[in-house]
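One letter stands for each residue in the lines below.
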Amino acid sequence: MKKLTALLIIGMMTFTNTHSTEIKKKVDNFTLEDYNGIKHSLTDYKSSKAVVIIFIATQCPISNAYNERMVELNKDYASKGVVFIGINSNKQESVEEVKEHAKKNGFLFTVLKDYRNVIADKFKASVTPEVYVLNNALEVLYHGRIDDSKNKDKVASNDLRTALDAILTGKPVGTNETKAFGCTIKRVD
Amino acid sequence: MKQILFFNILMLLLVIAAAGCNSRNMEPAGENVVPEVTFIDETGLRNLIANRNGKILLLNVWATWCPPCVEEFPDLVKLARNIGEEKYEIVGISVDEPDDLNGKVIPFLQKYVVPFKVFIAEIGKQEDFINTLNSFWNGAIPATFIYDSTGSQRSFSIGTKSYEQFIEELKSVK
């Protein structure tokens with residue numbers, strides 16, 4: 001737990017910084033298998049306009065409250081060149097459960113199983129759902145929530161959509177860090 | 001007639017006596033104790049943290065929809081029962097929707113007969129509430145914040161804790 005506390009405090013600063021017009025955090029490429037055992041790397045998606053990584057869960061009610069919205073987001077933005085990837089890093093959620101959950105909820109985007117939460121650790125992801133939007137240089141253009149309410153009818157700020165719309169029109173993302181309550185990613189001890 | 005009247009009075013006295021014994025001897029069932037839950041906003045939260053009265057504060061943020069929070073809750077109840085009120089204050093802040101107070105939060109609390117103050121967050125913007133507690137926190141729960149007797153935050157962590165871990169963290173704060 002002490003390690004996790006330290007991670008939380010230090011973690012926000014440990015992405016590699018790159019110098020462009022503004023300082024952006026950058027993530028390293030990784031390779032993970034999806035629930036069918038097929039390998040996926042971030043570099044596979046270099047030709048996309050943006051890659052949306054969402055740390056998700058099968059058992060967290062908050063993450064599940066966003067299942068329908070994730071399906072809609074993928075539907076709305078896939079044709080515009082945005083790739084959506086779900087990552088399940090929870091230790092207690094098996095690959096079979098991840099597959100069943102994806103099928104049941106109609107996820108047409110790739111869902112990867114992150115055994116031993118290696119990628120969650122690299123990203124310093126701690127909650128589900130938690131979003132990272134990357135450009136093809138693997139720079140983080142947006143990090144945070146999908147929107148500001150688990151209750152779809154109470155959403156006032158569609159943060160992920162706003163960020164994607166800005167990216168697709170070549171504009172800077174106004175609010176590139178947001179927060180929301182969610183379930184902790186259950187890590188290996 | 002007198003015999004019937006005497007019998008009825010006797011039966012009535014026996015029923016009253018039995019009822020009195022039950023109310024004295026029975027441990028109150030959780031379901032019958034309606035816990036007091038108060039709404040709290042960012043200002044109330046700051047005041048709660050500042051008004052220490054010499055006590056160390058353990059503030060736990062949880063929700064009924066959060067499985068690791070539900071898993072942790074019995075250990076928090078045990079902690080509050082054993083830690084000693086004169087030196088420590090335990091507070092739970094639920095981030096359930098205020099609309100879920102009667103339908104979810106109170107029924108959940110009734111299972112435990114909770115021996116500490118519970119608030120439900122009255123949130124304008126989630127981020128303001130989150131940042132009031134710690135700007136490095138991204139909202140993952142359960143989250144536990146410990147303040148010393150001057151109201152300074154001494155630790156903050158996320159994830160399920162055991163009773164022993166709670167004790168260890170509290171005892172490390174002077």
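Residues numbered from 1 in each chain as written. Chains lettered and ligands numbered in written order. Predicted model: local features only at pLDDT ≥ 70, side-chain atom pairs only at ≥ 80, totals over all residues. Heavy atoms only, no water.

Notes on the overall build of chain A
Part 1 of the argument: If you tally the helices and strands in chain A, you get six helices and eleven strands.
Part 2 of the argument: Taken across its 189 residues, chain A has 51% of its residues classed as buried.
Part 3 of the argument: Counting only contacts in chain A whose residues sit at least 6 apart along the sequence, the fraction spanning at least 24 positions is 71%.
Part 4 of the argument: Accessible surface for chain A amounts to roughly 9,000 Å². Of this, 52% is attributable to carbon and sulfur atoms. (Helix = DSSP H or I, 4+ residues; strand = E, 2+ residues; numbered from the N terminus. Buried < 20%, exposed > 50% of the residue type's maximum accessible area, 1.4 Å probe, protein only. Contact = heavy atoms within 4.5 Å. Areas by Shrake-Rupley, 256 points an atom, 1.4 Å probe, with all protein chains shown as cover.)

Considerations on the confidence of the model for chain B
Residues and elements named next belong to chain B.
Part 1 of the argument: Across chain B, the average pLDDT comes to 84, with 80% of residues at 70 or higher.
Part 2 of the argument: Within the model, the stretch residues 9-29 combines pLDDT values under 50 with two contacts to residues more than four positions away or in other chains.
Part 3 of the argument: What the predictor reports for the complex is a pTM of 0.82 with an ipTM of 0.78. (pLDDT = per-residue confidence, 0-100.)

Section: the pattern of salt bridges
Part 1 of the argument: For the structure shown, the criterion picks out 16 salt bridges over all chains.
Part 2 of the argument: Residues B:Glu71 and A:Lys186 are paired through a salt bridge, measuring 3.2 Å at the closest nitrogen-oxygen approach. Here the residue B:Glu71 occupies a position in helix α3 (residues 67-82), and A:Lys186 occupies one in the segment after β11 (182-184), the pair thus bridging two chains.
Part 3 of the argument: Here B:Lys161 makes a salt bridge to B:Glu169, at a shortest N to O gap of 2.6 Å.
Part 4 of the argument: Judged by its relative accessible area of 2%, B:Lys161 falls in the buried class. (Salt bridge = Lys/Arg side-chain N within 4 Å of Asp/Glu carboxyl O.)

Quick word on helix α6 (residues 163-171) of chain B
Since one α-helical turn is 3.6 residues long, residues separated by three or four positions face the same way.
Residue and element names in this part refer to chain B.
Part 1 of the argument: Within α6 the residues assigned to the buried category are Tyr163, Phe166, Ile167, Glu169 and Leu170. Axial view of α6: buried residues confined to an arc of 165°, hence all on one face.
Part 2 of the argument: Structurally, α6 contributes buried residues whose contacts are with β2 (56-62), α3, β3 (88-94), β6 (143-147) and β7 (153-158). (Arc of directions from axis to C-beta.)

Quick word on the environment of B:Glu86
Part 1 of the argument: In this fold, B:Glu86 is placed in the loop between α3 and β3.
Part 2 of the argument: Separated by 48 residues in sequence, B:Glu86 and B:Asn134 place their C-alpha atoms 26 Å apart.

Considerations on the confidence of the model for chain A
Part 1 of the argument: Averaged over all residues, the pLDDT of chain A equals 89, while 88% of them reach at least 70.
Part 2 of the argument: With pLDDT under 50 throughout, residues 1-21 of chain A is counted as low confidence; its partners more than four residues away or in other chains account for 40 contacts.

Thoughts on the nonpolar core
Part 1 of the argument: Ranked by internal contacts, the top residues of the largest apolar core, which has 88 residues, are A:Phe84, A:Leu160, B:Leu59, B:Leu79, B:Leu133, B:Trp137 and B:Ile141.
Part 2 of the argument: When neighbours within four sequence positions are excluded, B:Leu133 is seen to be in contact with B:Leu45, B:Ile49, B:Leu59, B:Val61, B:Phe145, B:Tyr147 and B:Gln153.
Part 3 of the argument: Judged by nonpolar contacts, the second largest core, of 20 residues, contains A:Val51, A:Ile119, A:Tyr132 and A:Ile185. (Core = buried A, V, L, I, M, F, W, Y, C linked by side-chain atoms within 4.5 Å.)

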